[in-house]
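Chains, contacts and geometry: an overview
What follows is the residue order along each chain.
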Amino acid sequence: MSGSARNGVTANGSAITSVAANGSAISGAILEVRRLTKSFGKNMVLKDIGFSVRRGDVICVIGASGSGKSTLLRCINLLEIPTGGEIFMNGDDIMARGMSIPAYRARVGMVFQNFNLFANMTALKNCMVGCRRVLHYDKRTARQTAMSFLEKVGMAPYINARPRQLSGGQQQRVAIARALAMSPDILLFDEPTSALDPQMVGEVLAVMRKLADEGLTMIVVTHEMAFARDVSSHVIYMQDGVIWEEGPPQQIFQDPQRQETRDFLARFING
Ligand code: ADP
Ligand code: MG
């Protein structure tokens, strides 16, 4: 285990340079999750989760259905309110009173399995609306920003299309452009290719790979093990609401330290 801040080691394995007075190792980390718990009624679905993310990290989260992966991402962007623990974003406690949730969400983008585009808006409008309403860009700047990110994901020819006129892979690329247009500090992906027909998975993974190469900080929940192996800087294997094993992709995929990790990967690879 190397990603826990309690070990004094961050997710990409480098030592933390300084420690704040309250003991939280926030310097250098964009995001730090400490002793996070989440319960739904009596069902505790996240138990003592801790890790930190530094600029440029690509953290892949793997694990069986029901292990708590989506809940973890939803707690990080406050779509769910954690039951316990702390989350620091650039050193700010995001659950502190007075934190603006819309402003925080602009810094933590989210890409969902089912795209979640606004059905009644064109691709361009989908990418402009957050810039206008949350970042208060003027129309021209919002349009330029949206266009530049639609170009980046290869969707410039489709700016006037509505979601229903686009394939799943194209819709997901628009959703990624929409998230990027907010210039987030970190982008969360929750199984971004799971709802796609197989022939469309590659085009979305190619965009994500490009973003990783450009240094975007990302947390990616995925079942695409080749992507996790090749692109991530760090892999977290979740089971039953805990980080069961974590480490560099070479460890997780070639030399897993725990039997459960081995069993999961074997089940996964053998279908
Ligand atoms: P994963 O994304 O790894 O499949 P989830 O985070 O979606 O796992 O779910 C983890 C557990 O939390 C599951 O047992 C699920 O039923 C439960 N859960 C998730 N969201 C809710 C909710 N809103 N209300 C009650 N239980 C929930
Ligand atoms: Mg999920």
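**Structural notes on the overall build of the chain**
For the chain, the count of helices and strands is nine helices and 10 strands. Within the chain, buried positions represent 53% of all 271 residues. Nonlocal contacts in the chain, meaning residues at least 24 apart in sequence, comprise 64% of its contacts between residues at least 6 apart. Here the chain displays about 12,100 Å² of accessible surface, and carbon together with sulfur accounts for 48% of that area.

**A short note on the site of ligand 1**
Looking at ligand 1, the residues that line it are Phe40, Asn43, Val45, Ala64, Ser65, Gly66, Ser67, Gly68, Lys69, Ser70, Thr71 and Glu80. Gly66 places a polar main-chain atom, nitrogen or oxygen, 2.7 Å from an oxygen atom of ligand 1. At a separation of 2.8 Å, an oxygen atom of ligand 1 approaches a polar side-chain atom of Lys69. Isolated, ligand 1 exposes 560 Å² of accessible area, and the fraction of that covered by the protein chains is 59%. Examining the composition of the shell around ligand 1, we find that three residues originate from one element, helix α1 (residues 69-76), more than from any other. Broken down by class, the residue content of the shell around ligand 1 amounts to three nonpolar, seven polar and two charged.

**Brief notes about a positive patch on the surface**
On the surface, Lys125, Arg132, Arg133 and Lys139 cluster together into a patch of positive charge. Element by element, the count of residues in the positive patch is highest for helix α3 (residues 123-133), at three residues. The class of Lys139 is exposed, set by a relative accessible area of 58%.

**Quick word on the sheet that holds strand β6 (residues 108-111)**
Pairing is mixed in the open sheet, where six strands are placed in the order β6-β7-β8-β3-β9-β10. Edge positions in the sheet fall to β6 and β10 (242-247), since each of these pairs with one other strand and no more. The mean inter-strand angle of the sheet, taken between neighbouring strand axes irrespective of direction, is 20 degrees. In this sheet, strand β7 (residues 186-190) lies alongside β6 in parallel orientation, the contact comprising four bridges. The residue bridging Val111 from the neighbouring strand is Phe189, located in β7. Where helix α6 (residues 198-213) meets the sheet, its contacts fall on β3 (58-62), β7 and β8 (218-221), and the angle it forms with β8 comes to roughly 150 degrees.

**With respect to the nonpolar core**
Within the largest apolar cluster, 53 residues are counted, with the highest numbers of intra-cluster contacts made by Ile62, Ile176 and Met208. Ranked by residue count, the leading element in this core is α6, at eight residues. Among residues more than four places away in sequence, those in contact with Met208 are Ile176, Phe189, Pro192, Met218, Val220 and Phe227. Val45, Ile49, Phe51 and Ile243 belong to the second largest nonpolar core, which has 29 residues in total.

**Points about the side chain of Gln172**
Within the element layout of this structure, Gln172 appears in helix α5 (residues 168-181). Relative accessible area serves as the criterion here: at 0%, Gln172 is assigned to the buried category. A distance of 2.8 Å separates a polar side-chain atom of Gln172 from the backbone oxygen of Phe112.

**Observations regarding the environment of Ala175**
The topology assignment puts Ala175 in helix α5. Overall, Ala175 belongs to the buried group, its relative accessible area being 3%. For the pair formed by Ala175 and Pro163, sequence separation is 12 residues and the distance between their alpha carbons is 10.0 Å. Contact partners of Ala175, with chain neighbours within four places excluded, come to Val111, Phe115 and Leu117.

**So, the pattern of salt bridges**
Across all of its chains, the model carries eight salt bridges by this definition. Linking Arg107 and Asp185 is a salt bridge whose minimum nitrogen-to-oxygen distance equals 3.6 Å. Taken as a pair, Arg107 in helix α2 (residues 101-107) and Asp185 in the loop between α5 and β7 lie far apart in primary sequence, 78 residues in all. Taking relative accessible area as the criterion, Asp185 reaches 21% and is therefore assigned partly exposed. One continuous salt-bridge network, built from bridges that share partners, spans Glu32, Arg34 and Glu86.

**A short note on the packing of aromatic side chains**
Inspection of the entire model under this criterion finds one aromatic pair. Seen in terms of ring centroids, Tyr237 and Phe264 are 5.1 Å apart; in terms of plane orientation they differ by 35 degrees. Their pairing is tilted. Of the two residues, Tyr237 is situated in strand β9 (residues 234-239) and Phe264 in helix α9 (residues 259-269); the sequence distance between them amounts to 27 residues. Each member of the pair, Tyr237 together with Phe264, is buried. Above the ring of Phe118, the side-chain terminus of Arg178 is found at 5.2 Å from the ring centroid.

Conventions adopted
- Residues numbered from 1 in each chain as written.
- Chains lettered and ligands numbered in written order.
- Predicted model: local features only at pLDDT ≥ 70, side-chain atom pairs only at ≥ 80, totals over all residues.
- Heavy atoms only, no water.
- Helix = DSSP H or I, 4+ residues; strand = E, 2+ residues; numbered from the N terminus.
- Buried < 20%, exposed > 50% of the residue type's maximum accessible area, 1.4 Å probe, protein only.
- Contact = heavy atoms within 4.5 Å.
- Areas by Shrake-Rupley, 256 points an atom, 1.4 Å probe, with all protein chains shown as cover.
- Near = heavy atom within 4 Å.
- Polar contact = N/O pair within 3.5 Å; in protein donor to acceptor, adjacent residues only side chain to side chain.
- Nonpolar A, V, L, I, M, F, W, Y, C, P; charged D, E, K, R; others polar.
- Patch = residues over 30% accessible without salt bridge, like charges linked within 9 Å, V, L, I, M, F, W, Y side chains within 5 Å.
- Salt bridge = Lys/Arg side-chain N within 4 Å of Asp/Glu carboxyl O.
- Lys, Arg positive; Asp, Glu negative; His and termini not counted.
- Charge placed at Lys NZ, Arg CZ, Asp CG, Glu CD.
- Pairing = 2+ DSSP bridges.
- Axes fitted to C-alpha atoms, helices over the stretch in contact; angles between N-to-C directions.
- Core = buried A, V, L, I, M, F, W, Y, C linked by side-chain atoms within 4.5 Å.
- Phe/Tyr/Trp six-rings, centres within 6.5 Å; stacked < 30°, edge-to-face > 60°.
- Lys NZ or Arg CZ within 6 Å of the ring centre and 35° of its normal.

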